[in-house]
Amino acid sequence: MATDKVSEEYGSLLFTDKDMQERLPKPTYKKLMQVIKEGAPLDIDIANEVAHAMKEWALEKGATHYTHWFQPLTGITSEKHDSFISPKGDGSVLMTFSGKELVQGEPDASSFPSGGLRATFEARGYTVWDPTSPAFIKDEVLCIPTAFISYTGEALDKKTPLLRSEVALEKQAKRLLALFGQKPHRVYTTIGPEQEYFLIKEEDYQARPDLILTGRTLFGCEPAKGQELEEHYFGAIRPTVNEFMKELDDELWKLGIPAKTKHNEVAPCQHELAPIFERGSLAIDDNLLTMEKMKLIASHHGLVCLQHEKPFDYVNGSGKHNNWSLCADNKNLLEPGDDPQDNLQFLVFLACLVAAVDDHADLLRMSVASAGNDHRLGANEAPPAIISVFLGDALTPIVEALVKKEQPEAHDRESIDLGVPQLPEVLRDNTDRNRTSPFAFTGNKFEFRMCGSQQNLSDPNVILNTAVAEQCERFVDYVADRADEDFTTVAMRFVRHTFRDHQRILFDGNGYSEEWEAEAARRGLPNLKTTPDALPALVKPENIKFFEKYGVLSETEVHARYVAKAEQYAKLLNIEANTMVYMTRHMYLPALFDYSGDIATSVATKAELGIDAKAEKKMVNVLTDGINSISDAVDDLEAKNAQAKNLEDPQAADDCYRDVVIPAMTALRTAVDDMEKVCGHDYWPVPSYNKMLFYV
Ligand code: ADP
Ligand code: MG
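Note that this is a predicted model, so its numbers are computed, not measured.

J.: Any details on the overall build of the protein? Residues and values, ideally.
T.: Helices and strands together make up the secondary structure of the protein, namely 22 helices and 20 strands. For 696 residues, the compact-globule estimate of 2.2 N^0.38 gives 26 Å, and the protein sits close to it at 28 Å. Taken over the C-alpha atoms alone, the protein extends approximately 105 × 85 × 55 Å along its principal axes. Looking at the protein as a whole, 48% of its 696 residues qualify as buried. For the protein, the proportion of contacts with a sequence separation of at least 24, taken over those separated by at least 6, is 74%.

Written out as structure tokens, the structure reads:
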């Protein structure tokens, strides 16, 4: 897009606040703002007027349809398009859109995963307008962000619990802030999701059933070259990729998505996009839209965008960093301030966060568990499966000193005077980074780095928001119990005791090291290495109580999510196992039969001529042994997958996939990859890692 066009086109496909202000009568606009900003109930007259304005705007932009855009438990977005047409009876049509259609939809949605929440006979689900996320136009369709709930009011989606957790956090954070004499209008989270992805050639993708069916390569021997030269990270962007990125920026900007940073990542063909942070649930909506646009726009450039956590072995996989902070009106509450009370308040929030992460480390780990992410976490390219918090060079000495009741050593960097006698100085230091930490304080926000690239970020943020809400409430109660003492003294004691009690979660060292694993075990930190290990945390009685207490999820909703996640893991692995069997029987074995057969023929022909073809004979033997190993391994995988598939209990099935099927998949992959190393290039039925990662 030309420079002068950027500001003109920015947000042109988004029904913005400005559009509403221009198109709605003043009183209607005011009432709508009360709904959006203060959570006031929405009446149907207002909805009718908003619907009308929205439709007129959408028609001007060329839209013919509308859809309720929602996020079922698959995590990806769903939509069903309805046109605006309404027959007049004389053969012509009107374009109509009512308040009722805006506010509520009833997708015939019996086929979404519900974890047993909806028996099919009462399969009705409703979508309900989320006025806090603006409507937008995508492919001539007016998209209305919605929550998705059942007939009986249970949340069937990822968004509803997120919105509920935001409400809980806002309520408790306001109570905390009130003790500091602050009465902000709104308290909300801000999120900036850094999205990693791969781009490969469409022709390579089309030639690989594993990529098409599972999003990752299930086979492939080690490429001659990997990422060891460290030349791709921040390297010059290839022209085709650059064209893709430019079109992506243009499209995102039109949708009002503040795409900011783009660069090459560590692995060959890997890239990253980071937007400017936005209000929590909106940032997640925008991330989902970004992911969708990435896939679509890649196809315009002969590319395919892979968002799987581990598309290729031997090189890094893709994650998504969830940068998170808390804002009161426009003030970042995780920014250490200049005045002493601000800094005390900052330390209280910091302590709350540390305690929140420690108390709910198992749930945070659970929230990022998936079959795909199991390949990354703990694999020296992503944080380990152990949750810990990194505070950095500036804050660590302060926290240590607070716990020991000492003054920290003087630091020669810029310092912020806390001014309160009991308080040490807080040093401003935004430079320290510990890339191996799952949960790092980065100056004025926390960065949760365990999230998977294809993940909907609602799950981790639900846990984070609710856990912080709980801690804010604990502070309020703590102060109330000591009402006759001086507030500053009490608050400082809360901070000190909280850091003391949760010191075990703080870790500034190398999270990739084996020593840390041993040390974390000594500290009693959970190390839940796989999805089947991590998921049961969701349904622990104390965790169900935690969700219920803050009105985020009911016991039924929690169970449904557990079942849906457990089933999804088993289903994905079943598809992977099936795909491996299919590729082995239909592609690899036939190719190896051909290749070994051709060499054997050559051996026989040469023998007739009295030539002893030593090397070829040796190769026939190698190939025959390899074929036999593959044949045994594929039979074994098929049998073990059948065994797992027969298990009805989702946890038993998941455990069986982890313990029985995955090792059989690994054995088959090894057998096939060994043969890829020796098979003739023209015979090998799929593109190699060398080609996919480097011939671009
Ligand atoms: P990196 O982590 O790679 O060093 P940056 O520090 O530039 O990158 O920030 C990464 C992301 O963090 C960006 O999306 C940015 O918008 C987001 N971010 C910055 N400040 C905040 C904040 N207060 N709340 C949430 N996200 C934030
Ligand atoms: Mg980052």
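J.: Let's hear about the site of ligand 1: which residues, and what values?
T.: Around ligand 1 sit 16 residues in total, of which T190, G192, F277, N323 and S325 are the nearest. Of all the elements in the fold, those that place two or more residues in the shell around ligand 1 are strand 9 (187-201), strand 11 (270-275) and strand 14 (320-328).

J.: Describe in detail the confidence of the model for the protein, supporting the description with residues and values.
T.: With 94% of its residues at a pLDDT of at least 70, the protein reaches an overall mean of 92. Within the model, the stretch residues 409-417 combines pLDDT values under 50 with 16 contacts to residues more than four positions away or in other chains. Overall fold confidence for the complex sits at a pTM of 0.94, while the interface term, ipTM, reaches 0.95.

J.: Explain helix 20 (residues 614-645) residue by residue, including any values.
T.: The first and last C-alpha atoms of helix 20 sit 46 Å apart over 32 residues, in line with the 46 Å expected at 1.5 Å per residue. Within the span of helix 20, buried status applies to M619, V620, L623, G626, I630, A633, V634, L637, K640, N641 and A644.

J.: Mind laying out the environment of T624, listing which residues take part and the relevant values?
T.: Positionally, T624 belongs in helix 20. A C-alpha to C-alpha distance of 9.6 Å links T624 and G597, two positions 27 residues apart in sequence.

J.: Give a detailed account of unusual backbone geometry, specifying residues and quantitative values.
T.: Of note in the backbone geometry, C269 takes a positive phi value of approximately 70° without being a glycine. As for its placement among the helices and strands, C269 is situated in the loop between strand 10 (259-264) and strand 11. Owing to 23 C-beta atoms within 10 Å, C269 belongs among the buried residues under this scheme. Its identity is not glycine, yet D329 carries a phi of approximately 50°, on the positive side.

J.: Which residues make up the domain arrangement of the protein, and what are the values?
T.: When cut into domains, the protein gives domain 1 (3-157), domain 2 (166-553) and domain 3 (567-694). Relative to domain 3, the C-alpha centre of domain 1 lies at a distance of 49 Å.

J.: How would you explain the nonpolar core if you had to name every residue and give the values?
T.: With 187 residues, the main nonpolar core has M54, V348, A351, C352, V354 and V357 as its most contacted residues. Looking at this core, the element that brings in the most residues is helix 19 (residues 555-608), giving 16 residues.

J.: So what about the pairing of strand 1 (residues 65-69)? Which residues, and what values?
T.: Along any regular strand the residues' side chains alternate between the sheet's two faces. The buried fraction of strand 1 amounts to four of the five residues, a majority that puts the element mostly inside the structure. Pairing geometry for strand 1 and strand 2 (residues 82-83), over two bridges, is antiparallel. Considered in strand 2, the bridge of Y66 is made with D82. Summarising the sheet, strand 1 and strand 8 (residues 141-150) pair through five bridges and their orientation is parallel. Bridge pairing links W69 to P145 in strand 8.

J.: With reference to specific residues and values, describe the packing of helix 3 (residues 26-38) against helix 4 (residues 44-60).
T.: Axis separation between helix 3 and helix 4 bottoms out at 10 Å; the angle between their running directions is 110°. Classified by the angle their axes make, helix 3 and helix 4 are roughly perpendicular. Counted together, T28, K31 and L32 of helix 3 and I46, E49 and V50 of helix 4 form the full contact between these two elements. Residues belonging to the contact of helix 3 with helix 4 are distributed by class as follows: three nonpolar, one polar and two charged.

J.: For the pairing of strand 11, give the residues involved together with the corresponding values.
T.: Burial of strand 11 is extensive: five of the six residues sit out of reach of the surface. Pairing of strand 9 with strand 11, which is carried by four bridges, proceeds in the antiparallel orientation. By the bridge assignment, E196 is partnered in strand 11 with E272. Both strand 10 and strand 11 contribute to a ladder of five bridges, which runs antiparallel. Paired with K262 across the strands is L273, a residue of strand 11. Where strand 10 folds back on strand 11, the antiparallel hairpin that results is connected by five residues, among which C269 adopts a positive phi of roughly 70°.

J.: Report on the packing of helix 13 (residues 392-404) against helix 15 (residues 487-501), specifying residues and quantitative values.
T.: At a minimum axis separation of 8 Å, helix 13 and helix 15 run at an interaxial angle of 100°. With respect to their mutual orientation, helix 13 and helix 15 come out roughly perpendicular. Together, V399, L402 and V403 of helix 13 and V495, R496, F499 and R500 of helix 15 make up the contact between the two elements. Residues of the contact of helix 13 with helix 15, tallied by class, amount to five nonpolar, no polar and two charged.

J.: Provide a residue-level description of the environment of L176, including the pertinent values.
T.: Of note, L176 is situated in helix 6 (residues 159-179). Assessed through the 26 C-beta atoms surrounding it within 10 Å, L176 is described here as buried. Sequence separation between L176 and S318 is 142 residues; the distance between their C-alpha atoms is 37 Å.

J.: Give me the lowdown on the environment of K138, citing residues and values where you can.
T.: Note that K138 resides in strand 7 (residues 136-138). For the pair K138 and Y66, spaced 72 residues apart in the sequence, the C-alpha separation amounts to 9.6 Å.

What counts as what
Residues numbered from 1 in each chain as written. Chains lettered and ligands numbered in written order. Predicted model: local features only at pLDDT ≥ 70, side-chain atom pairs only at ≥ 80, totals over all residues. Helix = DSSP H or I, 4+ residues; strand = E, 2+ residues; numbered from the N terminus. Rg over C-alpha atoms; globule rule 2.2 N^0.38 Å. Buried ≥ 20, exposed ≤ 12 C-beta atoms within 10 Å, placed from the backbone. Contact = placed C-beta atoms within 7 Å. Near = placed C-beta within 6 Å. pLDDT = per-residue confidence, 0-100. Expected span 1.5 Å × (residues − 1). Domains from an automatic or database assignment. Core = buried A, V, L, I, M, F, W, Y, C linked by C-beta atoms within 7 Å. Pairing = 2+ DSSP bridges. Axes fitted to C-alpha atoms, helices over the stretch in contact; angles between N-to-C directions. Parallel < 35°, antiparallel > 145°, perpendicular 65-115°, else oblique. Nonpolar A, V, L, I, M, F, W, Y, C, P; charged D, E, K, R; others polar.

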